[in-house]
Amino acid sequence: MEDLNKSEWKEASIKAVLFDMDGVLIDSEPIYFDIERSSFDHFGVPVSEEDHHSFVGVTLESMWQQVLDKHRIPFALEQVLTYHKDNVMNMLSGHTGLTAMPQAERWLSWLKEKQIPVAVASSSPRPLIELIMDKTGLGPYFDVRVSGEEVEHGKPAPDIFLHAAGLLGVEPSSCLVIEDSRNGVKAAKSAGMRCIGLQNPGSGNQDLSLADYRIRSFEELWALKDSLPFAPFSSLT
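Below or above, wherever it landed, is the structure these notes cover. (Residues numbered from 1 in each chain as written. Predicted model: local features only at pLDDT ≥ 70, side-chain atom pairs only at ≥ 80, totals over all residues. Heavy atoms only, no water.)

**Some details on helix α6 (residues 104-113)**
- Turning to α6, its buried residues are A104, W107, L108, W110 and L111. The buried side chains of α6 occupy one side of the element, clustering within an arc of 160° when seen end-on.
- Residues of α6 that are buried make contact with β1 (16-19), β2 (118-122) and α10 (218-224). (Buried < 20%, exposed > 50% of the residue type's maximum accessible area, 1.4 Å probe, protein only. Helix = DSSP H or I, 4+ residues; strand = E, 2+ residues; numbered from the N terminus. Arc of directions from axis to C-beta. Contact = heavy atoms within 4.5 Å.)

Rendered as structure tokens:
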């Protein structure tokens, strides 16, 4: 982890924290990979492991559009999306491994005590976000939940983070984003936000070099909390 005592971090207070969900709040990427492999197999698509890892952080629509364009399989986007979304929800509804990342809840509880508003900004569909928030028990901590399907352009475009910041009533420059994917980090920086990259092995070998700082766990993030320039901001719109 790099030194946090950089002038650009001290110039503006952090008034809100925006979290990606998969691979950050919950170590779900390995689960999704297995489900996606089953969907790829169902449609007879030979997606390589390298290509598969490149989809981390993007919306399902974007992932499947790229797959359709590259492999030219004879199925409509709506058809594969409907099958895959049903497949994901069916398999995750009964999954027993949907638990929050270690110490994520302690971090969220501390932010709540400090009156720092938080949002989850995930490329996943809203029903999946709600399912995971419910099964992990993290839902009550979040002031705002945004799905990538609710904005015009998904990650790596900045739309989802800008929309979440707008809902919180916080300027982008006052937001800190926690992300685990190359696409997510790029989106955060494009939004003019500070970003900490969480290097999660379960998300594949993600290039987080654009992040301002990189960590390996919420335990490392917890150790940094007093070094971060937080300032309570309660004017939610």
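What follows picks up the thread again.
**Description of the side chain of D20**
- Looking at the element boundaries, D20 is found in the loop between β1 and α2 (29-42).
- Classification of D20 by relative accessible area gives buried; the value is 5%.

**Digging into the sheet that holds strand β3 (residues 144-147)**
- If you trace the six strands from one edge of the open sheet to the other, you get β3-β2-β1-β4-β5-β6, paired in parallel fashion. Two strands in the sheet have a free side with no partner beyond their single neighbour: β3 and β6 (213-215). The average undirected angle you get between the axes of adjacent strands in this sheet is 20°.
- Here β1 pairs with β2 via three bridges, running parallel. Bridge assignment links F19 to a residue of β2, and that residue is V120.
- Most of the contacts of helix α8 (residues 159-168) go to β3, to which it runs at about 155°, and overall it touches β1, β2, β3 and β4 (175-179).
- Against the sheet, helix α9 (residues 182-190) makes contact with β4 and β5 (194-198), and its axis sits at roughly 170° relative to β5, the strand it touches most. (Pairing = 2+ DSSP bridges. Axes fitted to C-alpha atoms, helices over the stretch in contact; angles between N-to-C directions.)

**Some words on the nonpolar core**
- Ranked by internal contacts, the top residues of the largest apolar core, which has 42 residues, are F19, W107, F142 and F230.
- Beyond its immediate stretch of four places on either side in the chain, F142 contacts F19, L25, L108, V118, A119, V120 and M133. (Core = buried A, V, L, I, M, F, W, Y, C linked by side-chain atoms within 4.5 Å.)

**Details of unusual backbone geometry**
- Here the residue pair K155 and P156 is connected by a cis peptide bond, since its omega of 15° sits within 30 degrees of zero.
- Relative to the helices and strands, P156 is located in the loop between β3 and α8.
- Backbone geometry places R72, a non-glycine residue, at a positive phi of 50°.
- Examined against the element boundaries, R72 turns out to sit in the loop between α4 (60-71) and α5 (77-93).
- With a phi close to 60°, Q115 is a non-glycine residue in the positive phi region.
- Within the fold, Q115 resides in the loop between α6 and β2.

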